[in-house]
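Chain residues, written in single-letter form:
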Amino acid sequence: MFRPIAAILAIAVFSACGVSPGPARAEYETQATAAYLYDVTTDTVLVDKNTDTPLPPASMSKLMTLYMLFEALRDGRVTLDTTFTVSTKARKMGGSTMFLDETDRPRVEDLIKGIVVQSGNDACVVVAEGLAGTEDAFARQMNARGIEIGLTNSTFANSSGWPNPNHRMSVRDLGQLAAKIIGDFPEYYGYFALEEFDFDGRSPSNRFNRNPVLGLGLGADGLKTGHTEEAGYGLVGSALQGERRIVFVFSGLNSNAERRQEAEAMIN
């Protein structure tokens, strides 16, 4: 069971009923700059720290790019076998990539895997240009769609989370976006549990999913890590045990080790 989370939830239930939980009260401490823990099953917020502060989301904002790609799949504008061209802009993207080049014609399914597992910045640009013509146009669409789905503290400047002062998301927005992906697109959510992917054998050193709690037997099955110097280490995660689903988000940690410890503490 989610032992620390169950204790926090019990407090919330007792308080709502006007009953003191007594000496067994538990407090959850986090070292993250911002943290959000949401029990999807009961629609209960369990941890709330700087949840509405717009912060640099790094690669966690790739969830918005994927959400819009999933919408395109649902609407029939593309299929998993649709191929996109790779521009020079996409090929020149730094950071984490799929190592795409202009001769490639990656399928939508390849790009989903490359974004989820390899955090491919190049893949995000390919998706943006494939759906909207240019990345700038796609960013404008991201902003408009974000408002429509209730992301009240988010602004998007690009498709990948590349550092930009105008690219910001709150951890609550990230958590609610994760919950929407899980609820709206269960047929595609399984991609977030992939632990390994390497497009055409090009990046063996970058083929493993960075999510530190996948495969640990804790019920974790998504979603996306993020890291830049400005943002620190963060994670949008989710876990399912039995009938209970939680979504958790945190950012601003100092190392990958801290990120793993924080994630385990939230679901173990």
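Residues numbered from 1 in each chain as written. Predicted model: local features only at pLDDT ≥ 70, side-chain atom pairs only at ≥ 80, totals over all residues. Heavy atoms only, no water.

**Structural notes on the layout of surface pockets**
Empty pockets left among the atoms are what a rolling probe the size of a water molecule brings to light.
Here is step 1: Volume-wise, the largest pocket comes out at about 260 Å³.
Here is step 2: What lines the largest pocket is a set of 18 residues, among which Ser59, Ser96, Asn121, His227 and Thr228 lie closest to the centre.
Here is step 3: Among the elements that take part in the lining of the largest pocket, strand 3 (residues 220-228) stands out by supplying 5 residues, more than any other.
Here is step 4: Residue composition of the lining of the largest pocket, by class: 3 nonpolar, 11 polar and 4 charged. (1 Å grid on protein atoms, 1.4 Å probe; cavity = no way out; pocket = protein on both sides within 12 Å on 5 of 7 lines; lining within 4 Å. Points joined across faces, edges and corners; volume = space filled by probe spheres on them. Helix = DSSP H or I, 4+ residues; strand = E, 2+ residues; numbered from the N terminus. Nonpolar A, V, L, I, M, F, W, Y, C, P; charged D, E, K, R; others polar.)

**Re the pairing of strand 2 (residues 44-49)**
Here is step 1: Here 5 bridges tie strand 1 (residues 34-39) to strand 2, and the two strands are oriented antiparallel to one another. For Leu37, the partnering residue across the bridge sits in strand 2 and is Val47.
Here is step 2: Connecting strand 1 to the antiparallel partner strand 2 that follows it, the hairpin turn spans 4 residues, and Asp43 within it adopts a positive phi of roughly 55°. (Pairing = 2+ DSSP bridges.)

**So, the confidence of the model for the chain**
Detailed reading of the predicted coordinates is not advisable wherever pLDDT is low.
Here is step 1: Summary statistics for the chain give a mean pLDDT of 90 and a share of 90% for residues scoring 70 or more.
Here is step 2: Within the model, pLDDT remains below 50 along residues 1-26, and this stretch shows 32 contacts once partners closer than five positions in the same chain are excluded. (pLDDT = per-residue confidence, 0-100. Contact = heavy atoms within 4.5 Å.)

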